[in-house]
Amino acid sequence: MASNSPDDRQYPPLAKIPQHVGIIMDGNGRWAQQRGLPRSAGHRAGTENLRGVLRAAVEFGVPVLTIYAFSTENWARPRSEVKALLSILERVIDRELHELHQEGVQLRHIGRLDRLTPRLRQKVLDAIELTKNNQQLILNVAFDYGGRAELVHAVQRIVAAGVTPEQVDEALISSYLYTAGLPDPDLIIRTSGEMRISNFLIWQGAYAELYVTPTLWPDFDKEELYKALESYSRRERRFGMVPG
Ligand code: IPE
Ligand code: IPE
Ligand code: MG
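Quick look at the structure, then. Please read all numbers here as calculations on a predicted model, not as lab measurements. Along each chain, residue indices are assigned from 1 in the same order as the chain's sequence is written. Naming scheme: in the order in which they are written, chains are lettered from A and ligands are numbered from 1. Given that this is a predicted model, residues contribute local features only at a pLDDT of at least 70 and side-chain atom pairs are listed and counted only at 80 or more, while totals for whole chains, interfaces and linings are drawn from all residues. Calculated side-chain values reflect all of the structure's heavy atoms, with hydrogen atoms and water omitted.

Only DSSP runs of H or I with at least four residues qualify as helices, and only runs of E with at least two residues qualify as strands; both kinds are numbered from the N terminus onward. Assigned secondary structure in the chain consists of 7 helices and 6 strands. Principal axes of the C-alpha set define a box for the chain whose edges measure 65 × 50 × 35 Å. Looking at the chain as a whole, 48% of its 244 residues are labelled buried. For this analysis, residues touch if any pair of their heavy atoms sits within 4.5 Å. Counting only contacts in the chain whose residues sit at least 6 apart along the sequence, the fraction spanning at least 24 positions is 77%. Per-residue accessibility takes into account occlusion by the displayed protein chains alone, with areas from the Shrake-Rupley method and a 1.4 Å probe. Of the roughly 13200 Å² of accessible surface on the chain, a fraction of 53% belongs to carbon and sulfur atoms. A distance of 5 Å separates the average location of the 30 positive side-chain charges in the chain from that of its 30 negative side-chain charges. Accessibility here uses a 1.4 Å probe with only protein chains present; expressed as a share of the type maximum, an area under 20% marks a residue as buried, one over 50% as exposed, and anything in between as partly exposed. His is not counted here, nor are the chain ends, while Lys and Arg score as positive and Asp and Glu score as negative. Think of each charge as sitting on NZ of Lys, CZ of Arg, CG of Asp or CD of Glu.

This is the structure in C-alpha cells:
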C-alpha cells in the first residue's frame, strides 16, 4: 500500500477539541447528479460515508456529534425521495445498530418522532434504549428536526407547565430543547458549499464556529474532518468580548 494513502496519515494532536460538533450533511443529490445516478443513490452513499466519519470523530476525541439527516422542510421533497430517506433510516438501524453499539456509540434523536410510522418510531426508541449507557460518542441524529419547530415545541411545554414570566431565562429555554443537558455546539460543519444554517440548532448554535467546505457529503472523509477540527483549533472565539 502506498505510504501516503489517507489511512497512513499521522494526524498531529489538536490544541483544542470542540466538545460538540454539528454536521449539516449536504450535497448527496449533487453527488448523485454528477454521476448520472438518482438522488436516492446519493443518500445511500452519504449514509455509507457516515461510518468512517464516526470512527474519525472518536479517534480525534470529539465527545458529541449531531448530524442533520432530515429537516422539517425536507417533507416537501418529492414523495419518492422522502420514502427513500425514511427507508434509509430504517435500514441504517437494522444494519448498523449492532456495530454502533459495540463501538460504544450512544444514539440519541432530536426532532419529531410522531410523523414516522409506528414501526420505525419503535425502532428508533429501541436503539436509543439499547445504547443509552454507551460513553464513546454521543451521536445525536436530527431527523424530522427543525430549529424553529423545536422552539415552538419548547414554548408550548413551558406554557403548559405553568412557568411564570419571571422564571423564563436562557437556561430554562435550553432545558426545554431537544438537546437539554448537552453542551451547545462549538463547531458546525456544512458540506457542499452552501453558506446557510437551514434551520439547524438555531438557538444552540448562537456562538458556534462555522466551517463550510465545498466537498459534497458522500466525499467528506477523515482528512476533511481533521481539516475542519484544525481550522476550529486556530479560531479565536470572542463571545462578544474584546480580544484578550
Ligand atoms: C443532504 O443532501 C441530505 C438531505 C437534505 C436529506 P441533499 O439531498 O440536500 O443534496 P443536494 O443539496 O440536493 O445536493
Ligand atoms: C439541510 O439541507 C438539511 C439536511 C442536511 C438534512 P437542505 O439541502 O435541506 O437545505 P437547503 O434546502 O439547501 O437550505
Ligand atoms: Mg441540500
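This paragraph deals with the pairing of strand E6 (residues 209-212). Of the two faces of E6, only one is covered, namely that formed by Glu209 and Tyr211; the face formed by Leu210 and Val212 stays uncovered. Two strands qualify as a pair provided DSSP detects at least 2 bridges between them. Alignment of strand E5 (residues 187-190) against E6, held across 4 bridges, turns out to be parallel. Bridging from a neighbouring strand, Ile189 pairs with Tyr211 of E6.

This part covers the environment of Glu90. Inspection of the secondary structure assignment puts Glu90 in helix H3 (residues 79-102). Along the sequence, Glu90 and Arg119 sit 29 residues apart, while their C-alpha atoms lie 9.3 Å from each other. Non-local contacts of Glu90, meaning those with residues more than four positions away in its chain, are made with Arg119, Leu120 and Lys123. Within the structure, Glu90 has its side chain in polar contact with the side chain of Lys123 (distance 2.9 Å). Within 3.5 Å is the distance limit for a polar contact, defined as a pair of N or O atoms, with the added protein rule that one can donate a hydrogen and the other accept it, and that residues adjacent in sequence qualify only through two side-chain atoms.

This part is about the pairing of E5. In E5, alternate side chains face the same way, and those of Leu187 and Ile189 on one face and Ile188 and Arg190 on the other are all buried. Relative to E5, strand E1 (residues 20-24) runs parallel, the two sharing 4 bridges. What sits directly across from Val21, in E5, is Leu187.

Turning next to helix H4 (residues 118-130). Multiplying 1.5 Å by the helix residue count minus one yields the expected span of that helix. Under the 1.5 Å per step criterion, the end-to-end length of H4 is 18 Å for 13 residues, consistent within 8% with the ideal 18 Å. Along H4, the residues classified as buried are Leu120, Val124 and Ala127. One side of H4 holds all its buried residues, which, seen down the axis, span an arc of 65°. Set apart from the buried face of H4 by more than 90 degrees, the exposed residues are Pro118 and Arg119. Buried residues along H4 sit in contact with H3 and strand E3 (105-110). Arc definition: it is the arc formed by the directions from the helix axis to the C-beta atoms.

Residue placement: Arg190 occurs in strand E5. Take Arg190: its relative accessible area is 6%, and that puts it in the buried class. Side-chain polar atoms of Arg190 contact the side chain of Asp26, separated by 2.9 Å. Only 2.7 Å separates the side chain of Arg190 from the backbone oxygen of Arg196, close enough to count as a polar contact.

We now examine the site of ligand 1. Residues are labelled near a given molecule or strand when at least one of their non-hydrogen atoms is within 4 Å of it. Asp26, Gly29, Arg30, Arg39 and Arg77 are the nearest of the 13 residues found near ligand 1. Contact distances for ligand 1 include 2.9 Å between an oxygen atom and a side-chain N or O atom of Arg39. For ligand 1, whose unbound accessible area comes to 380 Å², protein coverage reaches 86%. If you list the elements that add at least two residues to the shell around ligand 1, you get helix H1 (28-34), helix H2 (39-60) and H3. Among the elements that line the shell around ligand 1, the one with the most residues is H1, at 3 residues. Across the shell around ligand 1, the residue classes tally to 3 nonpolar, 5 polar and 5 charged. The residue classification treats Ala, Val, Leu, Ile, Met, Phe, Trp, Tyr, Cys and Pro as nonpolar and Asp, Glu, Lys and Arg as charged. All others, Gly included, are polar.

Interpretation in functional terms is not warranted from these geometric data alone.
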